[in-house]
Amino acid sequence: MMHPVIELAQALIQRRSVTPEDADCQAMMNERLQVLGFNIESLFFTDTLNTWARKGNSSPHFCFAGHTDVVPTGPEKNWQHPPFSGLLADGMLHGRGAADMKGSLAAMIVATERFVAKHPDHKGSISFLITSDEEGPFINGTTRVIDTLEARGEKIDMCLVGEPSSRNVLGDVVKNGRRGSLTGFLTVKGIQGHVAYPQLAKNPVHLAAPLLTQLSQTVWDNGNEFFPATSFQISNINGGTGAGNVIPGELEVQFNFRFSTEVTYQQLQQRVVDMLADYDFEYELNWIVNGQPFITEGGPLIDATVSAIKAVTGLDTALETTGGTSDGRFIAQTGAKVIELGPRNDTIHKVNECVSSDDLIALADIYERILEQLLT
């Protein structure tokens, strides 16, 4: 007989919920939560379905957060098994979303079912914040749900995001924070002309080159005990007409900062503007703040997580803040303590994404132990 975690994960994978589609994944989860006494709110914003489900009204308020949307598969012919089959073979559950993050969602639901059955009168509250917009532009998902909760004064105390945090074996890494992300769009204005008559033109590539060197060599901070030093990377650069005898009129540069809690995004923006003041060219500069950094230091959530991982796997987990951004950044801004714990991330977003079925079963055990330590 198939384990309930694998059965549910399989059913979720079989739904083609390519971002921002939910494909009824949330309805399937909500049905299970409703039976447990959860109050279900479906919150639809523009193109994104979100669920806010809560059981209990008192503190401490513990939230499971995650997403039902998945990234596109790429050409399905390149997959060993059909990406939406949810095939179980050789102890591995295959399919898009298996690791990121339908496996975690299944483990959360089953852990909650078992916990509520054993502790019907548990203290505090349990909630689920589920979106179908984590892999997309993240405009109408978790951030909008958080705005809704904040507007009515509903606070989350502790949150576990089911992102695949593990590196080599289940539970070896827990994310207890994330770096901030700031993107800049710089357009350097020159004067287009013939390469044989440079005196009649102004080359924006030549104008910008010393600045780009300066930006790439600057030490922005030295990081701290939780974060590495802030990094600056140029991701896109574009100039020229395609012709070999034309000096371009404009150069477009896109760059990104991954920054620690040692600096604010406003300080980084100001330092770039101050550098630009030393150069004699016309420019336009626009910014997008993709996320603020956050850190969850010691406390009940960290203690319960570390202890649950040790009890189930025998591992001493490592707390890290590496990697990209996650929806945890929106939840942390409200003052909630946030961690990320999920399966191994070695196949996420790849062809042949898969997850160990044993890992998902153990993950549900870890989640259940965390609930027991925090809410009994």
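Computed from a prediction, not measured in an experiment: that's the story for all the values here.

### Brief notes about empty space enclosed by the protein
By rolling a water-sized probe across the atoms, one finds the places where empty space is left. Scanning all chains against the criterion turns up 2 cavities of 30 Å³ or more. Here the largest cavity is characterised by a volume of approximately 40 Å³. Along its surface, the largest cavity is lined by Ala65, Gly66, His67, Met101, Thr131, Glu134, Thr142, Val161, Glu163 and Asp327. Of the residues forming the lining of the largest cavity, the biggest block, 3 residues, is contributed by strand 3 (residues 61-67). Taken together, the residues that form the lining of the largest cavity break down as 3 nonpolar, 4 polar and 3 charged. Considered as a void within the structure, the second largest cavity measures approximately 30 Å³ in volume. Contributing to the lining of the second largest cavity are Ile146, Leu149, Glu150, Glu154, Lys155, Ile156 and Thr334.

### Observations concerning the pattern of salt bridges
For the structure shown, the criterion picks out 15 salt bridges. Measuring nitrogen to oxygen at the nearest pair gives 2.8 Å for the salt bridge that ties Arg114 to Glu368. Of this pair, Arg114 sits in helix 3 (residues 98-118) while Glu368 sits in helix 9 (residues 357-375), and the two are 254 residues apart along the sequence. What makes Arg114 partly exposed here is its relative accessible area of 24%. Owing to a relative accessible area of 6%, Glu368 belongs among the buried residues under this scheme.

### With respect to the packing of aromatic side chains
A full pass over the atoms with the stated rule returns 13 aromatic pairs. The interplanar angle of 80 degrees and the centroid separation of 6.5 Å between the aromatic rings of Phe281 and Tyr283 together place this pair among those described as edge-to-face. Looking at Phe281, the relative accessible area reads 11%, which means it is buried. Here the aromatic residues Phe38, Phe62, Phe64, Phe128 and Tyr367 are joined through ring pairs into a cluster of three or more. Seen from the ring of Phe138, Arg329 lies directly overhead, with NZ or CZ sitting 4.4 Å from the centre.

### Overview of the nonpolar core
If you look at the biggest cluster of nonpolar residues, it comprises 53 residues, and the most contacted ones within it are Phe62, Phe128, Leu160, Leu341, Tyr367 and Ile370. If sequence neighbours within four positions are ignored, Phe62 has contacts with Ser125, Ile126, Ser127, Met158, Leu160, Leu301, Ile370, Leu371, Leu374 and Leu375. Core analysis: the next-biggest nonpolar cluster, separate from the first, contains 21 residues, Leu182, Leu212, Phe257 and Val263 among them.

### Section: the layout of surface pockets
Taken as a whole, the largest pocket encloses approximately 230 Å³ of empty space. Residue lining of the largest pocket: 13 residues in total, with Asp100, Glu163, Thr325, Ile348 and His349 positioned closest to the centre. By residue class, the composition of the lining of the largest pocket is 2 nonpolar, 5 polar and 6 charged.

### Section: the sheet that holds strand 10 (residues 180-189)
Strands pair in a sheet through their backbones, by hydrogen bonds, and they do so in one of two ways: parallel or antiparallel. Strand order in the open sheet formed by 4 strands is 12-14-10-15, with antiparallel pairing between adjacent strands. Of all strands in the sheet, those with a lone pairing partner are strand 12 (231-239) and strand 15 (282-291), marking the two edges. Neighbouring strand axes in the sheet, compared pairwise and without regard to direction, differ in orientation by 15 degrees on average. Note: strand 10 against strand 15, 9 bridges, orientation antiparallel. If you follow Phe185 over to strand 15, its bridge partner there is Asn286. Along the sheet, helix 5 (residues 204-217) makes contact with strand 10, strand 12 and strand 14 (250-259), crossing strand 10 at roughly 155 degrees. Packing against the sheet, helix 6 (residues 265-276) makes contact with strand 10, strand 14 and strand 15, and its axis sits at approximately 165 degrees to strand 15.

### Digging into the packing of helix 1 (residues 4-13) against helix 9
At a closest axis distance of 9 Å, the pairing of helix 1 and helix 9 adopts a crossing angle of 110 degrees. In terms of orientation, helix 1 and helix 9 fall into the roughly perpendicular class. You can see that helix 1 and helix 9 cross each other, and the crossing is right-handed. The segment helix 1 lies against helix 9, with Val5, Ile6 and Ala9 engaging Ser357, Leu360, Ile361 and Ala364. Split by residue class, the contact of helix 1 with helix 9 holds 6 nonpolar, 1 polar and no charged.

### Here's the deal with the pairing of strand 3
With 7 of 7 residues buried, strand 3 lies mostly within the body of the structure. When strand 3 meets strand 6 (residues 125-131), the two strands line up parallel, connected through 7 bridges. Considered in strand 6, the bridge of Ala65 is made with Leu129. Pairing analysis gives 4 bridges linking strand 3 to strand 7 (residues 158-161), with the strands arranged parallel. Counted as the bridge partner of Phe62 is Met158 from strand 7.

### With respect to the UniProt feature "binding site: Zn(2+) 2" (unreviewed entry) in the chain
On the UniProt side, "binding site: Zn(2+) 2" (unreviewed entry) is annotated at positions that read Asp100, Glu135 and His349 here. Spanning 250 residues, the annotated positions come together in the fold, the maximum distance between their C-alpha atoms being 10.0 Å. From the set just named, the residues that line the largest pocket comprise Asp100, Glu135 and His349. Examined against the element boundaries, Glu135 turns out to sit in the loop between strand 6 and helix 4 (142-151). The contacts of Glu135, once residues within four sequence positions are left out, are Thr19, His67, Asp69, Val70, Val71, Asp100 and His349.

So, how was this worked out
- Residues numbered from 1 in each chain as written.
- Predicted model: local features only at pLDDT ≥ 70, side-chain atom pairs only at ≥ 80, totals over all residues.
- Heavy atoms only, no water.
- 1 Å grid on protein atoms, 1.4 Å probe; cavity = no way out; pocket = protein on both sides within 12 Å on 5 of 7 lines; lining within 4 Å.
- Points joined across faces, edges and corners; volume = space filled by probe spheres on them.
- Helix = DSSP H or I, 4+ residues; strand = E, 2+ residues; numbered from the N terminus.
- Nonpolar A, V, L, I, M, F, W, Y, C, P; charged D, E, K, R; others polar.
- Salt bridge = Lys/Arg side-chain N within 4 Å of Asp/Glu carboxyl O.
- Buried < 20%, exposed > 50% of the residue type's maximum accessible area, 1.4 Å probe, protein only.
- Phe/Tyr/Trp six-rings, centres within 6.5 Å; stacked < 30°, edge-to-face > 60°.
- Lys NZ or Arg CZ within 6 Å of the ring centre and 35° of its normal.
- Core = buried A, V, L, I, M, F, W, Y, C linked by side-chain atoms within 4.5 Å.
- Contact = heavy atoms within 4.5 Å.
- Pairing = 2+ DSSP bridges.
- Axes fitted to C-alpha atoms, helices over the stretch in contact; angles between N-to-C directions.
- Parallel < 35°, antiparallel > 145°, perpendicular 65-115°, else oblique.
- Left-handed = near helix turned anticlockwise from the far one by under 90°.
- UniProt positions renumbered as here; feature names shortened; annotations may be inferred.

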